[in-house]
Structures are given as structure tokens and as C-alpha cells.
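# Geometric and topological summary
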Amino acid sequence: MASDTSEVMLRATMLEKHFQMGDTVVHALRGVDIAVTKGEIVAILGASGSGKSTLLGILGGLDAPSAGRVEIAGVDITKMNENELAEIRNKKIGFVFQFFNLISTLTALENVELPVQFSTGGQFSSRKRAEELLALVGLQERLRHRPGQLSGGEQQRVAIARAMANAPDVILADEPTGNLDTATGESVMNILFDARRETGATLVLVTHDAQVAARANRTLTMQDGLLV
Amino acid sequence: MFAIAAGVAAIVGLQSLALSVEDTVTNDIQTTHQADIVVSVEDRRGGSQTTAGTGVGESPAFASPVFSEEERSAFQELAANDGWVDSTYVYVANPERPSFIAAAGGAGTGGQFFLQPYLIEPGKYPLYGEIRAVEPKGAPLGELLTSPGEIALSRSIANRVGVGIGDSVTLENSRAFLVKGIVSNEAAGSPLFAPIFVPPLPWFAYVALDDPIARETFNLDEGDANVLFIKTRTPADAAALAGVERSGLPAGESIRGISSTFDVETAEEALPEIEDATDILGKFLLIAGLVSLVIGGIGILNTMLVVVGRRTMEVGILKSLGLKGRQIATLFVIEAVLMGLVGSIAGVLLGILLSFALTGFGEQFLQSNIDWSLQTEPIINGLVVGVVVTVVFGFLPVLAAGRVRPNVVLQAQSSTLPRSGRVVSLVVVLALAAVIGVVASVFVGNWTIGMIGTYGAMAILALLSLALLLVVWLVGKLPTFGSITLKLSLRGLSRQRGRAASTLLALVVGLFAMSTIVILGDSMKQFVDETLESELGGNLLVILPDPDLEIRDQARDEIDRLGQAERVVETHEFENATLVAINGAALGRPGGDPGATRPPGLGSLQFASTMLAQSDASADDAPEMLEGRYLVPEDAGRAVVVVGSDPPWLQSPIFGRASVGNEPTIIGRALVGDDLTFLVNGQEVTLALVGKMASNHLHVGFSQGHFLVPMDAIPDSVPRSSIGFQVTVPEGESAAAAAQLNRNIPGVVTVEVDAIASLFKEILDRITVLPSVLSALALFTGAVIIANSVALATLERRREIALMKTVGAKANKVLTMLLIENGILGIIGGAIGVLLAILILVIFHQVQPDVPVSPNPLSILFVLAVALGVALGAALLSAWPASREKPLEVLRYE
Ligand SMILES: Nc1ncnc2c1ncn2[C@@H]1O[C@H](COP(=O)(O)OP(=O)(O)O)[C@@H](O)[C@H]1O
Ligand SMILES: [Mg+2]
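Numbering of residues begins from 1 in every chain and follows the order in which that chain's sequence is written. Each chain gets a letter, beginning with A, and each ligand a number, beginning with 1, in the order they are written. Side-chain atom pairs in this predicted model are given and counted only at pLDDT of 80 or more, local residue features only at pLDDT of at least 70, and totals for whole chains, interfaces and linings cover all residues. For side-chain calculations, the full set of non-hydrogen atoms in the structure is used, while hydrogens and water are omitted.

## With respect to the overall build of chain A
Defined as follows: Starting at the N terminus, helices and strands are each numbered in turn, a helix being any DSSP run of H or I of at least four residues and a strand any DSSP run of E of at least two. For every residue, the accessible area obtained with a 1.4 Å probe (protein chains only) is divided by the maximum for its type, and the residue is called buried under 20%, exposed over 50%, and partly exposed between those limits. What makes two residues a contact is simply this: any of their non-hydrogen atoms within 4.5 Å. For the area figures, the Shrake-Rupley method with a 1.4 Å probe applies, and any residue is considered shielded solely by the protein chains shown.
Per the secondary structure count, chain A includes 8 helices and 10 strands. A burial count over chain A gives 55% of its 228 residues as buried. Of the contacts made within chain A by residues no fewer than 6 positions apart, 71% connect residues no fewer than 24 positions apart. Carbon together with sulfur atoms contributes 48% to the accessible area of chain A, which is approximately 9,500 Å² in total.

Written out as C-alpha cells, the structure reads:
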């Protein structure tokens, strides 16, 4: 493998995504090229509906592109089957969503344990790892609480801990503070950046907040399905 | 929607079937009854009348009474009447003891099998409808039975004996007949020969009444018959003619010296009986329909709850837009009505298909053709019930929907249903019960039963639901052994406890029905097996055509000659044994004999019962004794007797008090050691009482009696009613031994016990056809509900599934989780259903000890497997696609 690709953690080439909506076709992505090097923090800005979430989802293997390819650490994931993709999502990627997306029947601890327990031949003891991570995000007192018993900021912190569970190479965060008030959003963002620093993971972040964007190594803007 | 459709389909299907059956039977009453008037000889030989010494050489004990010559000429005269259109005589052979058939000339299996022979006039029988052979196809009986020694067999017996057209068979191990045709098992389906709920023996044959070989076989003279079918011009003619016959015919002596009275019945008179029977069937089907409805209702409730749950946000938005709770409720009611309508219409269509399919089973059960027709009544019923129940069930969640506060919209993620006030819920449930009660009452046609039944059923269901809620709660507390899949499954179950419980309820109801049928059927079969094994104590049964001691000696010799009999038990039956004196003190006069040893009046009660003489009594077969001892081999030839305890009807206080004061009965007063004097088939015999048994009846072979004596305790001069042997030969030798005995002693029939068992099983299978179909239907409805609720659960959990996949769960893991969840439901539902069934059957058994209950572990496993299969299958169906979905598709709907 060429030496320049080895330091590129995440690479997308000519990514297209179309959605068939009845008679009309929505072109959510129209040929996106992006390369993110290892440990880099990239912020993506852009209007609502410009295709940011779609891009993030495809980068993380949550959906398949209509055309183009995605490589993670030099491995093409677009040709992978569902099980291989699940493996990638489990080990290499951590997701943080706007609406936290915790499993409501599980406690904070159990939510964080989940990815570890799903990993085959995992490197961590799920309980210990989850406790460590929750301590890292400042929730050591909240282990047995269910999502419904936590505030929005706390829920997002659990989500961040969950994203870090298997020490992924890439963290994909889609408007992680979009659903929080400014103060809480700021502290959550701090925690996210701290956690990232801890593992040295690559971070791709969608945000509307210029201040947050300023903390990134690089800022990209999405417009009508294209990065400009 | 599917749940509604399934419930409605069950109602429409079952009701249509019931109505079709009723219509078929009542519209075509003559065909069913086979005539406008049926005159049949009734055997009125009472207990006091003895058949001994009639001087007729040919063993009167077994010949069935036939019409006398006077009667026949009287019929002849009546035939001149205008209303009399046609008539035909039939001899229904040997109603008192079975007839036997075996293959002859090397064909077939060689065994002897039971047979019900009908001797008919081939060109004339039946008067209504026609019987055409299935082989050669379409041939009428009149063309098949044309010369002496020809026979037409039912499909079932032909298969059993292993013969086809052109083979020959023997009847009663004597004369040979040539098989000319095979008719369907349904041909003999007439309530005359068997009431509707006991399917007629599928093993029957037709021979010609004027066939000399047949007459010889059955000991008949020319013209002998015991049933006369008459076709009249109008029902009024039938009534008039029947009146004449009842009053004007001589009930004289028949040629056999047996007083034969006869029974006249017109088709119209038979109608109520038949209607009663179909009515019972109809009720049965109706109950099945109602059960399906209940299950359907639960499914509808589930659906509505989820629909509302998923719409909570929508409701919140509507509310924040200013819509009032009432308006939203109206919206949902309209939706419910629409759902009910569409679901019901789909259900009606399904139901029509279903009833069409069920007709086949119904026909097999009733052994007659059902005219399937489209009925409007069940369709209307189905539609009304479907819509009403949907709306009613739909009302409960609607009520909750009206209470959704708009701010839930702001609390994203929460899609839980706000609880409506308990009182309100209770009121709604009661109102709901009232509506269902009305529906049920209209259905059943009786208000009291409908309402009480509904409220009772609701109460039971409510209790059951509470219990199931508890079960689900307990399940949620099960240890997970660190397995995340198991943990998620259990959490999933306990999150929607209400729905898990109601799914469980549907499953339990379905499986309860199914296991009841399975266990009952099983118990019956096992009962038959055990009874045959224990009662027959042998693998061959040798039956003498006549209770003739010379033939008996011949049979003994032949059995000896077999050389391989391990045990031979000879049984003589005396049908009329009346206790006439105890210790010489005569019974029978009120007040008793002044010199009686037991002064407080031995009472006036006498009853005739059957006495059995057995050649071999061993301690091994000794039943439970109340007092004294059972017979032992040394008793042979001694004048001793053991008695069964009095039958329960004799022990009843009313009967007992009326006859013998506070003491139960006469036998109850006799003590071990007393000398009992019996009048046995007309002769006095005195025997010493050595023991009293705990059971009412003695079973010796196929015979039942109240008194058991050793062989030779009754002098040869006393006429026997029947004689038989039970022979035990080594396993595997029974067929050959039976064949040898049948060959060497013509007229004496040797049957393998296996053949008897197979007949019972065949009959039993027929009896269980319909209930099995119904329970399968209930289960099917249950499966639909489960599939429905799993689909709903999966829908609700799409987000959870997507999330699990996002963090790296493989599709199979997700599927496993859902399967475990529903597998647990399946197993629990199955187990509870089976347990309930066993419980109910055991209780029933206490009340009705005749109903055997002995669940077979294998079939219980089978039921559990079915439950698990149904639950897993339903889960797989709806969970498979969900587990394959791309996570982003789900997660983007924020
Ligand atoms: N599953 C889908 N089906 C149809 N259209 C979709 C789907 N996902 C996204 N889109 C459309 O693609 C475009 C980009 O969406 P999205 O990536 O969510 O934008 P953003 O996150 O930048 O707001 C939008 O027009 C959206 O409506
Ligand atoms: Mg977005």
C-alpha cells in the first residue's frame, strides 16, 4: 500500500447518493471527494438539506453510496457485506448523533457496554471499559440511570462514551450539540474534544457553530450535495 | 388490520359452515333420514323374559328380531294407499354383536375385522338420493349386486382388509362373497344408523337382501328384514300413514318367537332430533368463532395501542396547532372505523374461502355431503362484529390519545402512551364488555347467556391477563448470564409488558384449545389401548357365533391344537342373572320374608344383571376388593361368586331410600359368606359370596357383568348368552394363529386384538377431525396476532435495531434477540396453555370420571414445539426485514 494512503484515515472519492422519491430523484450527494488524515479534526458546515448527514452516514458505513467509494484506513468499505460493515462500525467508527440515540431500556453503563459486547475478540472488559469512559465524561455517578432519567447533556455524554467504547479510529459526530442549549453544548463539545485527544482518533464533525468549527484543523462547507 | 381480518374470517368461516350444515341437514331431511317414514323392529326382550327353551334349533339368543309375517302383510295392505309412493326393506345385520369380515383366497391381510353389514334391495335402496360406487366409478348399487354372493364394501374396510374388486371375502368366517364395488365411507351416513355426533362406523358393506348366500350367513328366512323405509307423497301422508301403523298393526309374535314391537318414525318427527344435533354442532362452531373473535380483539387492541403510541408526536403537534382532545379522538375513531371496515371486508373474503375449505372437513366429520352456499347472515355478523369490536377496542387508546399533552413533542424520543385514569379505563372496559356482550347475545340468540357469558369470559380473561402480566414481569427479572442479547430480549419484553401479556394471552387461548384437543384425543387413544390390553388379556379373541357348547368344545380342541397358546381364558356370559334370595330368604316381595335372617326388610328391589363365568382367574388380574377375595384357580367348578359394587345409580339416595331404607341396596346388605340364589337365564343357581369388588362392573374380555363365577359353576343346562375365548399367543404369532383358527373352525371368528384397536383408533380419528381443525384455526389466529404484534414491536424498535447495528451488532444478532424474545413468549404461552388444559381436564375428570385424562409427554412436547414454532415463525416473518434495514434509513427520521 502506498505510503501517502497510510496516513489518510478516511477517503471518499466521487461519492454520489440518490434517493428515489416517487417520480423525482433527490441528489443528496453529487460527487463528493474528501480525504481526512489520521488524527485530523474536520468540521463540516452547510445549510440544512445540503447532504451533511447523508455524507456522514455513508462515511461510517450506515448506508451505501449510489456511486463512488469510501476507504477507511485504506480499506474499501463500499464492497463489504453487511456483516463486515457491522464489524467496521463496531471497531473503527464511533457515532454521535444530534438526538443522542441511546437505547432507552438500557442503563448508561449498559449503553456504553453495548459496542464492547458486540465486538468479537474484543480487547476490553466491557464493564471496566464502560466505567472508565463514563468517568472520563464525568458521569461516574450516573452509571445505573436510564436515558429517560438523564438530562440532554448527560445523555449526549453517554453517547460520546459509547462512541469511544472500542477506541475507534474515526469519530463521526452529526450536530452533537444541535439539540442542547449553548452552555451545555459547549461543555459537551469540550468533552468530545477531550475524549478525542485521549485516543487520537480522527474526528469528522457536522456543526452550525462557527466557534466549534474554529477548533477544527480544517473546515469544509457542504452545498447542494457537494463540498466546496 | 390483519388481526381484524383474521378474527372476522374465523367468524364468517365457522358460522357459514355451521349454517351450511344446518341447511343441508334440514333442507334435505329425507335424504338424511333416508325416507319419509322409517319403521324399525325394536328388540323388546326384557330382563324377565327368557329366550331359553323356545325350541328353535338355531340359537335364538343371537338372531335379531325381524318383522313378522303379519306385519309385513299389513305393510303390504298399507302400500295400496295413495300417499304411499315407494318402500324398501333393509336388514341391518346383528345390531347386538359385531359381524366380521376377512379376505379369502389368499388376498389381503388375512385378519378378521369388524363389519356392519346392511342387507338391502339393491335396485331400490336408498329411496332418497343415491349411492354410487367410487369403484367402478359411478356404478349404482343395483348394477353391482346382481347375483348371489356379491358384496359392495366401504372404502375404509376394503383398505383395511386389503381387498379390491374381484377379490373375495368371507363374512362371519363362513360364506365367501365376491367384491363387486367399493363405496365411499360417507354412503352410510344416516342419523338412523348413528346419531350425528357418533360418526357411523366407516367399516360397512352392502349385500342383497334376496341373496340366499347372505340370508344363510345371517340366519334369515326369505323376506326377513328389520327396517322398512317408506317414501310418501307428502309429509301429511307420512303422518297419516305413520298413525295407522302405530295403532293398527298387530304387534304380534315374530317368527322367531321373540315379541317384536316396532318403532315408526316420520322424517318430520326426526327433524327436531337432527336439528338438535346440528344445533349443538352450530353452537360448537359458534364458540370457536367467538374465541377467534376474542383473540382477534386482543390483536386489534394491540394494533390500536401501537398506532396511537406511534402517533403521540403527531397528536402533540395537532394539539399544539389547537385541535381539541375530542377532535383528535374523533380522528382516531374514524381511523378505527375505517380500519375495522377494511379489515372486516378482507376478513369476510378470507372467511368465505375458509368456510369453503372447512366444508371438506365438516363432510368428513359428518360423513355426509354439505351443500356449501354463500350465506348472508354470517357475513353481516362478521362485518358488524369486526367494525364494532375494532371501534370498541380502538376506543381505549383513543381515550389516552385525547390526553396527550402537547409538550411531549418537545420531549423528543418519548413515545410512551400517557396512562388514562384508572377509573376511566375501568369504565371503558366495562362498556366494552357490554358491547361485546350485546354482540355475543345476538350471536348466541340468548341474552342471559350472552351477557353472563361475556362478562364471565371477560373476568376470566382479565384474571388471566393479570396473571400473565405477573409472568412477564417475572420473566423480565430472569438472570441474563451476562449475555447482552438475552438482556436486550428481556428488557424488550418488560418494556411493553401490556402487549407482551396480551400477545401471551392470544397464544395461551390458542394453545389451550389445541392442547385440550390433543390431550383428550391422546388420552382416549391411550385409554383404548390400555383397556384393550388389560381387559382382553390376550392378543386373540375367539368369538362363537352361537353359545353352543358343542361348538365350544370344538373351539377348545382347535385352540389346544395350536400348541402355542400361553394362556386361554374362556368366558360365558349370562345376560339375565337376577338375585332372588339371600341365605334362602327370598327377595322380591315388599316387606320381605318374615323368616329372613336380616330382619330390617331386605326390600323389594330386584335387578337383572349380567353374570360372567370365567375359566381362569388369577391373582394377577385381581381388581381392588372392598371385602373378601377375588376368584382363584382353585375355585374352578365351585359354586362361588364375586360381585361388583352397586352401580352408582343404585347407590343414589333417592333410589336407595325408596327401596331399602337407609341401607344402600340388596347387594350392599349381603355379606361375604352368604349364599346368594340367582335366577340365571331361567334357572335357579345358589352360589356362596366370597368377595365384593370396588368397581361397578366386571370387565372380562369384551363382556361386562355384575357377578363373576368360576367356569362350570353354572350347570351346562343353563343356556349361555354368549361364549368366547381370550387367547394369548407369542408376540408375532397372532396373525398366523388367527388364520389357522379361522380356517379350522368355520363360523367361529378369531380376531386379532390389534384389529379392534385399529377400528377404535379410526373412529377416534374421525371424531377428533373437526375439533382439531378448529383448534388449528384458533392457533392460526393466534399466530396471526403474534406476527402482528411482533411486527408492531419491531416497528417500534426499528430505532433500537438501527442503533444496535450502528454500534456494530450484526444482523443475525439482532434477529437472535427478537427470536429469543418471542421464543420466550412462545414457550411460556405454550406451557401455560398446556397447563391450563390439563387443569381443566383434570377438573372435568373429577366431575366426569368417564373422561380419561392421561397426557402423553410426547404430545405435550409437540404442542410446546408448535407454540415455539408459531412464535418463532411469526417473529422471523416480521423481524427478518427489520434486521436487514440500513441503519441510516431509520435514524435520519429524527
Ligand atoms: N432516505 C432518504 N430518502 C429521501 N430523501 C432523503 C433521504 N435521506 C436524505 N434525503 C434528502 O437528501 C437531502 C440531504 O439530506 P441530509 O443529508 O439529511 O441533509 P443535512 O444533514 O445536510 O440537513 C435532503 O434533501 C433530504 O431530503
Ligand atoms: Mg442533518
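The discussion continues.
## Notes on the site of ligand 1
Threshold: Summary of the distance rule: residues count as near a molecule or strand when at least one heavy atom falls within 4 Å of that molecule or strand. Throughout this description, a polar contact denotes any pair of N or O atoms lying within 3.5 Å of each other; where both atoms belong to protein, one of them has to be capable of donating a hydrogen while the other can accept it, and for residues adjacent in sequence the pair is counted only when both atoms sit in side chains.
Taken together, the neighbourhood of ligand 1 is formed by 14 residues, with A:Gly49, A:Lys52, A:Ser53, A:Thr54 and B:Arg892 sitting nearest. Near ligand 1, the surrounding residues are drawn from chains A and B. Residue A:Gly49 places a main-chain N or O atom 2.6 Å away from an oxygen atom belonging to ligand 1. Residue A:Ser53 places a side-chain N or O atom 2.7 Å away from an oxygen atom belonging to ligand 1. Here ligand 1, which alone exposes 550 Å², has 79% of that area covered by the protein. Of all the elements in the fold, those that place two or more residues in the shell around ligand 1 are strand E1 (8–21), strand E2 (24–37) and helix H2 (52–59) of chain A. Per-element tally for the shell around ligand 1: the top contributor is H2(A), with 3 residues.

## A word on the sheet that holds strand E8 (residues 202–206) of chain A
All names here are of chain A. Selection criterion: When DSSP finds two or more bridges between two strands, those strands count as paired.
Overall, mixed pairing links the 6 strands, which are arranged E6-E7-E8-E3-E9-E10 in an open sheet. Where the open sheet ends on each side, the last strands, each with one partner, are strand E6 (93–96) and strand E10 (226–227). Direction of pairing for E6 relative to strand E7 (residues 170–174): parallel, over a ladder of 4 bridges. The residue of E7 that forms the bridge with Ile93 is Val170.

## Digging into the packing of helix H22 (residues 798–806) of chain B against helix H23 (residues 811–847) of chain B
Two numbers describe a pair of packed helices, the interaxial angle and the distance between the axes. Residues and elements named next belong to chain B. Our working definition: Only the stretch in contact is used when a helix axis is fitted, and all axes are lines through C-alpha atoms; the angle between N-to-C directions ranges over 0 to 180 degrees. Comment on the angle field: the value is read as roughly parallel under 35 degrees, roughly antiparallel over 145, roughly perpendicular from 65 to 115, and oblique elsewhere. A crossing counts as left-handed when the near helix is turned anticlockwise from the far one by less than a right angle, and as right-handed when that turn is clockwise.
Where H22 contacts H23, the two axes come as close as 10 Å, and the packing angle between them is 140°. Classified by the angle between their axes, H22 and H23 sit oblique to one another. Taken as a pair, H22 and H23 cross one another with a handedness that is right-handed. Contacts between H22 and H23 pair Glu800, Ile801, Met804 and Lys805 from the former with Val814, Met817 and Leu818 from the latter.

## Thoughts on the packing of aromatic side chains
Condition: Note on ring pairs: Phe, Tyr and Trp rings are taken, using the six-membered ring of Trp, and paired if centres are within 6.5 Å. Classes follow the plane angle, with under 30 degrees stacked, over 60 edge-to-face and the rest tilted. Comment: the charge-over-ring label is applied if NZ (Lys) or CZ (Arg) is within 6 Å of the ring centre and within 35 degrees of the ring normal.
For the structure on display, the rule yields 10 aromatic pairs over all chains. Aromatic pair A:Phe95 and A:Phe97: ring centres 5.9 Å apart, planes at 10°, arrangement stacked. Assessed through its relative accessible area of 8%, A:Phe97 is described here as buried. Measuring from ring centre to ring centre gives 5.2 Å for B:Phe67 and B:Phe75, while their planes differ by 85°; the resulting arrangement is edge-to-face. For B:Phe67, a relative accessible area of 0% corresponds to the buried category. The buried category is assigned to B:Phe75, whose relative accessible area is 1%. Taken together, the ring pairs connect B:Tyr118, B:Tyr125, B:Phe204, B:Tyr206 and B:Phe229 into an aromatic cluster. Positioned above the aromatic ring of A:Phe193, the side-chain terminus of A:Arg215 is 4.4 Å from the ring centre. Over the face of the ring belonging to B:Trp880 we find B:Arg884, whose NZ or CZ atom lies 4.1 Å from the ring centre.

## Comments concerning the sheet that holds E2(A)
Residue and element names in this part refer to chain A. Read from one edge to the other, the open sheet built from 4 strands follows the order E2-E1-E4-E5, with strand pairing classed as antiparallel. Looking along the sheet, the strands with just one partner apiece sit at the ends: E2 and strand E5 (75–76). Against the sheet, H2 contacts E1, E2 and strand E4 (67–72), and its axis sits at roughly 125° relative to E1.

## Notes on the nonpolar core
We apply this condition: In these notes, a set of buried Ala, Val, Leu, Ile, Met, Phe, Trp, Tyr and Cys residues joined through side-chain atoms within 4.5 Å is what counts as a nonpolar core.
Formed by 52 residues in total, the largest nonpolar core has its most connected members in A:Ile44, A:Leu55, A:Leu114, A:Leu172, B:Leu488 and B:Met804. Among residues more than four places away in sequence, those in contact with A:Leu55 are A:Leu15, A:Leu29, A:Val32, A:Ile44, A:Met222 and A:Leu227.

## Some remarks on the interface of chain A and chain B
Using the following cut-off: Take the accessible area each of two parts loses on contact, using a 1.4 Å probe, and add the two losses: that sum is the buried area. Throughout this description, the term salt bridge denotes a Lys or Arg side-chain nitrogen within 4 Å of a carboxyl oxygen of Asp or Glu.
If you look at the interface, chain A gives 34 residues, while chain B gives 26 residues. When the two sides are added together, the surface that chain A and chain B hide from each other amounts to roughly 2,800 Å², 60% of it contributed by carbon and sulfur. Inspection of the chain A/chain B interface yields 3 salt bridges. Note that B:Lys805 is salt-bridged to A:Glu82, the shortest N-O span being 3.9 Å.

## A short note on the environment of B:Val179
When you line up the elements, B:Val179 lands in strand E9 (residues 175–183). Residues in contact with B:Val179, not counting those within four places in the same chain, are B:Ile151, B:Leu153, B:Val163, B:Gly164, B:Ile165, B:Gly166, B:Asp167 and B:Val169.

## Notes on the environment of B:Glu627
Mapping B:Glu627 onto the fold places it in strand E17 (residues 625–628). Through-space distance from the C-alpha of B:Glu627 to that of B:Val642 is 9.8 Å; in sequence the pair is 15 residues apart.

## Re helix H16 (residues 549–562) of chain B
Residue and element names in this part refer to chain B. Here is the rule: Working rule for helices: expected span equals 1.5 Å times residues minus one.
With 14 residues, H16 should cover 20 Å at 1.5 Å per step; its first-to-last C-alpha distance of 20 Å lies within 8% of that length. On its buried face, H16 sits against strand E13 (540–543), strand E14 (567–582), strand E24 (722–728) and helix H20 (734–744). Positive phi appears at Gly563, one or two residues downstream of H16, with a value of about 70°.

## A word on the pattern of salt bridges
Applying the stated criterion to the full structure yields 27 salt bridges over all chains. Between B:Arg629 and B:Asp635 there is a salt bridge, and its shortest N-O distance comes to 2.9 Å. On the basis of relative accessibility, which here comes to 31%, the residue B:Arg629 falls in the partly exposed class. Assessed through its relative accessible area of 0%, B:Asp635 is described here as buried. Note that B:Arg638 and B:Asp635 form a salt bridge whose closest N and O atoms lie 3.0 Å from each other. According to the relative accessible area criterion, B:Arg638 is partly exposed, its value standing at 41%. Overlapping salt bridges bring together A:Arg69, A:Glu71, A:Asp76 and A:Lys79 as one network.

## A word on the pairing of E1(A)
In regular strands, side chains alternate between the two faces of the sheet. All names here are of chain A. Alignment of E1 against E2, held across 11 bridges, turns out to be antiparallel. From the neighbouring strand, Leu15 faces E2, where its bridge partner is Val32. Here E1 runs beside E4; their pairing, made up of 5 bridges, is antiparallel. What sits directly across from Leu10, in E4, is Ile72.

## Remarks on unusual backbone geometry
Put simply, B:Glu135 and B:Pro136 share a cis peptide bond, and its omega is -10°. By secondary structure assignment, the location of B:Pro136 is in the loop between strand E5 (132–134) and strand E6 (137–140). Here A:Met14, not a glycine, exhibits a phi torsion of approximately 50°, which is positive. Relative to the elements of secondary structure, A:Met14 occurs in strand E1. On the accessibility criterion, A:Met14 (45% relative accessible area) is partly exposed. Positive phi, normally seen in glycine, also occurs at B:Glu172, with a value near 55°. When you line up the elements, B:Glu172 lands in the loop between strand E8 (168–171) and E9.

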